[in-house]
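# Architecture at a glance
Residues per chain are reported as follows:
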Amino acid sequence: MSDKSDKISDFASLKELFKDVTPIEQNRADIQRPVNKPDEGSIEYRRLAAAEKEELIVDGLNSIHHELLSAEESILFAVPGVQLKLIKRMQSGHLGWDAGLDLHGFTVDQARNELHLFIRDCRKQGLKSILIVHGKSYTDPNKPALLKTYVSEWLQQTEGVLAFCSAQPKDGGTGALYLLLKSDERHKSNR
């Protein structure tokens, strides 16, 4: 029983210590540190301003990526339901391609816009297989393939893209993608 009486006396002592404490009105802590803004002419200021600039979003596609891809990394993506036989034919380059888009020299925003418009137009025309050349970023050998990473992310978010994979060397290798598109049902009746 001495254990119980020790606990009661400890609690009474603690209660006595806090008798003059008044509760605070706010129930959330402010954990943000004060931000010291850099001078307007500094590089840091320009970087912060660029980062705060409103993000351009095209048809739900933004410039957020999850994992940077390397220039030589192969890509393979397919939505559920695409036949394995069709994916293997695409990977081997046996499907061919009906149209192509070369994104060399485009900024990220320009590439996103061009890719969106190109895929939309291809689907309207009923094209099933296309080629997208994103490049390998060899101009900056120490940097990851940024455009390749973005293109891969955008294609996974784009309506009508059934599958894509890295192209065969004759069509650009890991600097290009074969895409398999779903036809646009709205435009089938117009044909």
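This one's a predicted model, so the numbers in the text were calculated from it and none came from an experiment. (Residues numbered from 1 in each chain as written. Predicted model: local features only at pLDDT ≥ 70, side-chain atom pairs only at ≥ 80, totals over all residues. Heavy atoms only, no water.)

Moving on to the overall build of the protein chain. Helix and strand counts for the protein chain stand at 5 helices and 5 strands. Listing the helices and strands of the protein chain from first to last along the sequence gives α-α-β-α-β-α-β-α-β-β. Sorting the 191 residues of the protein chain into buried and exposed places 32% on the buried side. The contacts in the protein chain between residues at least 6 apart in sequence include a share of 70% that link residues at least 24 apart. Accessible surface, the protein chain: about 13800 Å² in total, of which carbon and sulfur atoms supply 52%. (Helix = DSSP H or I, 4+ residues; strand = E, 2+ residues; numbered from the N terminus. Buried < 20%, exposed > 50% of the residue type's maximum accessible area, 1.4 Å probe, protein only. Contact = heavy atoms within 4.5 Å. Areas by Shrake-Rupley, 256 points an atom, 1.4 Å probe, with all protein chains shown as cover.)

With that settled, consider the packing of aromatic side chains. Aromatic rings considered in pairs are described by the distance between their centres and by the relative angle of their planes. Taken as a whole and judged by the stated rule, the model has 2 aromatic pairs. Ring geometry for tyrosine 150 versus tryptophan 154: centroids 5.7 Å apart, planes at 15°, classification stacked. With tyrosine 150 and tryptophan 154 both in helix H5 (residues 146-157) and 4 residues apart, the pair spans about one turn of that helix. By the burial criterion, tyrosine 150 is buried, and tryptophan 154 matches it. (Phe/Tyr/Trp six-rings, centres within 6.5 Å; stacked < 30°, edge-to-face > 60°.)

The next thing to look at is the pattern of salt bridges. Counted according to the given criterion, the structure contains 5 salt bridges. Salt-bridge contacts for lysine 136 lead to glutamate 72; the nearest nitrogen and oxygen are separated by 3.5 Å. Of the two residues, lysine 136 sits in the loop between strand E3 (129-133) and H5 while glutamate 72 sits in the loop between helix H2 (43-52) and strand E1 (76-78), which places them 64 residues apart along the sequence. Among the residues examined, lysine 136 registers a relative accessible area of 21% and is labelled partly exposed. Taking the relative accessible area as the measure of exposure, glutamate 72 reaches 47% and is therefore partly exposed. Note that arginine 120 is salt-bridged to aspartate 121, the shortest N-O span being 3.6 Å. Judged by relative accessible area, arginine 120 falls into the partly exposed class, the value being 37%. (Salt bridge = Lys/Arg side-chain N within 4 Å of Asp/Glu carboxyl O.)

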